[in-house]
Number of protein chains: 2
Amino acid sequence: MEFMTGVKQKDDVSVKALLETEEGSEIKVQGAVHIIRDMGEVAFVVLRKSEGLVQCVYEDGKVAFPLKDLKEESAVEVKGTVRKEERAPGGVEVCILEIRVLSEPTEPMPLAVNKWKMNTSLEAMLNMRPIALRNVRERAKFKIQEAVVRAFRDFLHSQGFTEIHTPKIGAKGAEGGANIFKLDYFHHPAVLAQSPQFYKQMLVGVFDRVFEVGPVFRAEKHNTKRHLNEYTSLDFEMGYIEDYTDIMSMETGFLQYLMELLKKEYQKELDILNVKLPKTDQIPSVPFAKAKELVAEKYNRKIRNPFDLEPEEEVLIGRYFKEEYDADFVFVTEYPSKKRPFYAMDDPKDPRYTLSFDLLFHGLEITTGGQRIHDYRMLSEKIAARGMTEEGMEQYLSAFKHGMPPHGGLGIGLERLTMKLIGEDNVRETTLFPRDLSRLEP
Amino acid sequence: MEFMTGVKQKDDVSVKALLETEEGSEIKVQGAVHIIRDMGEVAFVVLRKSEGLVQCVYEDGKVAFPLKDLKEESAVEVKGTVRKEERAPGGVEVCILEIRVLSEPTEPMPLAVNKWKMNTSLEAMLNMRPIALRNVRERAKFKIQEAVVRAFRDFLHSQGFTEIHTPKIGAKGAEGGANIFKLDYFHHPAVLAQSPQFYKQMLVGVFDRVFEVGPVFRAEKHNTKRHLNEYTSLDFEMGYIEDYTDIMSMETGFLQYLMELLKKEYQKELDILNVKLPKTDQIPSVPFAKAKELVAEKYNRKIRNPFDLEPEEEVLIGRYFKEEYDADFVFVTEYPSKKRPFYAMDDPKDPRYTLSFDLLFHGLEITTGGQRIHDYRMLSEKIAARGMTEEGMEQYLSAFKHGMPPHGGLGIGLERLTMKLIGEDNVRETTLFPRDLSRLEP
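Residues numbered from 1 in each chain as written. Chains lettered and ligands numbered in written order. Predicted model: local features only at pLDDT ≥ 70, side-chain atom pairs only at ≥ 80, totals over all residues. Heavy atoms only, no water.

Chemist: Account for the relation of the copies chain B and chain A, naming residues and giving values.
Modeler: For the pair chain B and chain A, the best superposition has an RMSD of 0.0 Å and corresponds to a rotation of 180° with a translation of 0.0 Å parallel to the axis. What the superposition gives is, in effect, a two-fold axis relating one chain to the other. No C-alpha of chain B approaches the rotation axis more nearly than that of B:L183, which lies at 2.5 Å. Looking at the interface residues of chain B, 100% of them are also at the interface in chain A, so both copies use one shared face. (Least-squares fit on C-alpha atoms with pLDDT ≥ 70 in both. Contact = heavy atoms within 4.5 Å.)

Chemist: Provide a residue-level description of the pattern of salt bridges, including the pertinent values.
Modeler: All names here are of chain A. Tallying each qualifying case throughout the model produces 90 salt bridges over all chains. A salt bridge links E146 to K143; the nearest nitrogen and oxygen atoms lie 3.5 Å apart. Linking E146 with K143, this pair stays in helix α4 (residues 136–158), spanning three residues, or about one helical turn. With relative accessibility at 13%, the residue K143 sits in the buried group. Between E310 and R304 there is a salt bridge, and its shortest N-O distance comes to 2.6 Å. In this structure, a network of salt bridges that share partners links the residues R129, E138, K141, E424 and E429. (Salt bridge = Lys/Arg side-chain N within 4 Å of Asp/Glu carboxyl O. Helix = DSSP H or I, 4+ residues; strand = E, 2+ residues; numbered from the N terminus. Buried < 20%, exposed > 50% of the residue type's maximum accessible area, 1.4 Å probe, protein only.)

Chemist: Give a description of the sheet that holds strand β17 (residues 356–361) of chain A that names residues and reports values.
Modeler: Spatial ordering of the open sheet is given by β7(A)-β11(A)-β12(A)-β19(A)-β18(A)-β17(A)-β14(A)-β13(A)-β1(B), a layout of nine strands whose pairing is mixed. Edge positions in the sheet fall to β7 (162–163) of chain A together with β1 (2–4) of chain B, since each of these pairs with one other strand and no more. The sheet contact formed by β7(A) and strand β11 (residues 209–217) of chain A spans two bridges and is parallel. The partner of A:E163 across the bridge, within β11(A), is A:F211. With respect to the sheet, helix α8 (residues 288–298) of chain A is in contact with β13 (283–287) and β14 (329–333) of chain A, its orientation differing from that of β13(A) by roughly 95°. (Pairing = 2+ DSSP bridges. Axes fitted to C-alpha atoms, helices over the stretch in contact; angles between N-to-C directions.)

Chemist: Provide a residue-level description of the state of the cysteines, including the pertinent values.
Modeler: Under the defined criterion, the tally for this structure stands at zero disulfides over all chains. Here A:C56 is not cross-linked by a disulfide; its sulfur's nearest cysteine counterpart is in A:C95, at 9.2 Å. (Disulfide = S-S within 2.5 Å.)

Chemist: Could you give me a rundown of helix α12 (residues 414–421) of chain A, with the residues and numbers involved?
Modeler: Residue and element names in this part refer to chain A. When you tally the buried positions in α12, you get eight out of eight residues, the bulk of the element. Contacts from the buried residues of α12 go to α4, β12 (230–239), α6 (245–265), β17, β18 (364–371) and β19 (407–413). Where α12 terminates, the next one or two residues include G423, which has phi positive at roughly 75°.

Chemist: Go over α4(A) with me, naming the residues and quoting the values.
Modeler: Residues and elements named next belong to chain A. Taking 1.5 Å as the rise per residue, α4 with 23 residues should run 33 Å; its terminal C-alpha atoms sit 33 Å apart, in good agreement. Across the 23 residues of α4, 20 count as buried, placing the element largely inside the fold. Among the residues trailing α4, G160 stands out with phi positive, at a value near 85°. (Expected span 1.5 Å × (residues − 1).)

Chemist: An account of the packing of helix α10 (residues 376–385) of chain A against helix α11 (residues 394–401) of chain A is needed here, citing residue identities and associated values.
Modeler: What describes two packed helices is the angle between their axes and the distance between those same axes. Residue and element names in this part refer to chain A. Here α10 crosses α11 at 145°, and the two axes come no closer than 8 Å. Mapping the contact onto sequence places Y376, L379 and I383 in α10 and Y396, L397, F400 and K401 in α11. Among the residues making up the contact of α10 with α11, the classes are represented as six nonpolar, no polar and one charged. (Nonpolar A, V, L, I, M, F, W, Y, C, P; charged D, E, K, R; others polar.)

Chemist: Which residues make up the side chain of A:S356, and what values do they have?
Modeler: All names here are of chain A. Structurally, the position occupied by S356 is in strand β17. Residue classification places S356 among the buried residues on the basis of a relative accessible area of 2%. At a separation of 2.9 Å, a polar atom in the side chain of S356 contacts the side chain of R340. A polar atom in the side chain of S356 sits 2.7 Å from the side chain of T354. Once residues within four sequence positions are removed from consideration, S356 is found in contact with Y244, V332, T333, E334, Y335, R340, G369 and G370. (Polar contact = N/O pair within 3.5 Å; in protein donor to acceptor, adjacent residues only side chain to side chain.)

Chemist: Account for the packing of aromatic side chains, with residues named and values stated.
Modeler: Residues and elements named next belong to chain A. The final tally for this structure, using the stated rule, is 40 aromatic pairs over all chains. Ring geometry for F198 and F342: centres 6.2 Å apart, planes at 80°, overall edge-to-face. With F198 in helix α5 (residues 197–207) and F342 in the loop between β14 and β15 (346–347), this residue pair connects regions lying 144 residues apart in the sequence. The exposure class of F198 is buried, given its relative accessible area of 9%. The exposure class assigned to F342 is buried, which follows from its relative accessible area of 3%. Three or more aromatic residues joined by ring pairs make a cluster, and in this case those are F198, F342, Y343, Y396 and F400. (Phe/Tyr/Trp six-rings, centres within 6.5 Å; stacked < 30°, edge-to-face > 60°.)

Chemist: A description of the side chain of A:E251 should follow, citing residues and the corresponding values.
Modeler: Residues and elements named next belong to chain A. Note that E251 resides in helix α6. Buried and unpaired, E251 has no salt bridge, with R340 as the nearest side chain of opposite charge at 10.0 Å. In this structure, E251 is in contact with F236, F331, F357, L359, T367, L410 and I412, ignoring residues within four places of it in sequence. (Lys, Arg positive; Asp, Glu negative; His and termini not counted.)

Chemist: With reference to specific residues and values, describe the environment of A:E59.
Modeler: Residues and elements named next belong to chain A. Within the fold, E59 resides in strand β4 (residues 52–59). Residue class for E59 comes out partly exposed when judged on its relative accessible area of 21%. Aside from chain neighbours lying at most four places away, what touches E59 is E41, V42 and R83.

Chemist: Explain the interface of chain B and chain A to me, using residue names and the numbers behind them.
Modeler: A common way to express how large an interface is: the accessible area buried when the components associate. Listed per partner, the contact involves 131 residues of chain B and 132 residues of chain A. Contact between chain B and chain A buries roughly 10,400 Å² in total, counting both sides, with carbon and sulfur atoms accounting for 59%. On the chain B side of the interface with chain A, the three residues burying the most area are B:M4, B:Y240 and B:H402, jointly 8% of the side's total. On the surface where chain B and chain A come into contact, there are eight salt bridges. The shortest N-O distance in the salt bridge between A:E163 and B:R153 comes to 2.6 Å. Counting across the chain B and chain A interface gives 62 residue pairs in polar contact (both at pLDDT 80 or more). Considering every element that reaches the side of chain B that touches chain A, the biggest residue donor is helix α4 (residues 136–158) of chain B, with ten residues. Taken together, the residues of the side of chain B that touches chain A sort by class into 62 nonpolar, 34 polar and 35 charged. The pairing of strand β1 (residues 2–4) of chain A with strand β13 (residues 283–287) of chain B spans three bridges and is classified as antiparallel. Paired with A:E2 across the bridge in β13(B) is B:S285. (Buried area = accessible area lost by both parts, 1.4 Å probe.)

In structure tokens:
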């Protein structure tokens, strides 16, 4: 009988291990042939590995494998000796002794993914996404995204949150409204989740603090640089709060943790993308009405609607706090009640406003959060006052009938946060396979 | 201007901190009133916190708050002094000085969630899920599930895998077939992802090794104890493999890592659920045809169909390897080609079989995996041989035209693995909010 006993040791050397290998050592390295630069008597064969590029040197007559038979984007294994060379990435190159081809492409590349910057439109890159992502800068964006998700989970775990997985198919949407994808579920009408809102609230009654990283679906007919119809939402919900500043404090803690993680483990990607990390040591917090006044005054702008915030106003608020406080982030608090869903806790001092907030990052909303109503009677009254029905919400409401602690939470758009972190301006840049009004493939 | 500077320190004491607090110290503790045991002159008020239960003692005349006004499932803050008491959970109790009610239920509980075991049918528990999960044993199952997901991610991260987030709405399913949920996507026909198969393969060309934790959707009309129509899939895919045993070895490594994590950080939940961890030091691996023979011989069973495995046969294989090798897990390899999707790599020695495997855990399939075809021509031929069309798969196939390393991967059903770990026999027991033929709510 054969037995599996655990991870196999590979003799393929990692980029990190290569840089620490003694000069003259013989190693094996696997990777995709990223680019071949034929200089005549020597050629540089650059391998692309998950963690970076490895420069290999092909010298005529020293390798049995003919250079002309080597194709870019082939997967290969190179056997060679390690040599210091300061012009090579990481100061090390590999003098090729043997090349073994593991797999070959059948067609030439439609995009110059081996250029530092591809001179290609976003549209073209999205159309050829599985190929375009092989570019070193493109894939670095998604390593930064990986860091965001790791930081979110690891930080919240350290704060006593439990990770949950809630269904994406349901009978009724959490926010209501028309922006819901509908489907047939074994001859029953069903919808795709706009957010895990109801579930995470119900589970505060079970685990006190919960979080989820998962897809959410919005059938909005927006065609803008900041909207997607499917995106990854970083959600948390926490019980036993004093007020909604507990939630903003927790988010600030997450952002601080993220910046530390990026500095510690993702410096290479930050360098590739030329990212300057934002400041998170102190994040200003300003009430909605006050924020409107501040920008109206400073930028000489009329307040047209005191109960709404236009995208241009968000941009100006971002600009104001950058100019006045050198702040990259700003919490805008106490949003008008009518712009918030029914479960938002109204401000007892002025019920036209809620105990809620948005977080703006360089003038773009990346988070919506706030305190929720935890008292069943209050919730029931607000549902009635809005002319809504409790039908279909029985299970959600039952959690409140049977006791719920004061609580609140937030949702962060992963792609938007990543986009702002790396200084891009289209959320599709930081989405592996975006879904928008015109894009259902690849 | 106000500023957020990071996580606020709470004066609420955690269970862990409470157990380390000096006797006589005054503390504050928040939680839900799990149960009130009125003994006359004293009463025990047990608080339920995320991490466990805290016994508080209410002595008549010592607390201003009348006991009769305290309701089970209220959220409260108790101020009190710490006292050693070996009969209390953790050997510590809190003598109540003050009670502050943070929130109250409006209705009595429909289920005895404060009993150790609720004498209630699974059906009833699922119908009242948000409430039933408050039971200590119920929620412990999902802490074990949390550990599974943490172990999967942390282990794969340590092995150089990159986490990905791929779309759940798409134009075409990865596996094909009729078991796909369909929806209307802005007047285009769309489907919900049955698996991230195509995406994770394409991304092996970018990151070499990738993983995803996310929902998958199967419109199968099975109504069994082991099927769900939406579940959480733990997927990985790795490039530059020698053969499919690399994948089984990686999974074995994950399982070993998981067992260590459970022992180290989830002993409390293992105790609550009375779990005996399975053996993962060496996992037997047996070819499909051989496995059928072994059980046919030992249990005197006729082989009816040499190219299929019945659920009863899976159970017998599990039993065989438990009896003969004291093994909890067994890899069954080389599945018949016609039972595997088109992208599975056929065995060059006998193309009726594939270089693939299932992992059985106590006789239930919890993983399907294997090596995939990486050569475009071979893939194209197999598609044609199956009478399938390349239409709609252009992007997937483009990754192969432009070079892909030898690779393979697997998918693990999170709920099934959790179920088997804790010795349950219905996958709904380990799903927060199951979706099945008759269940779309809560």
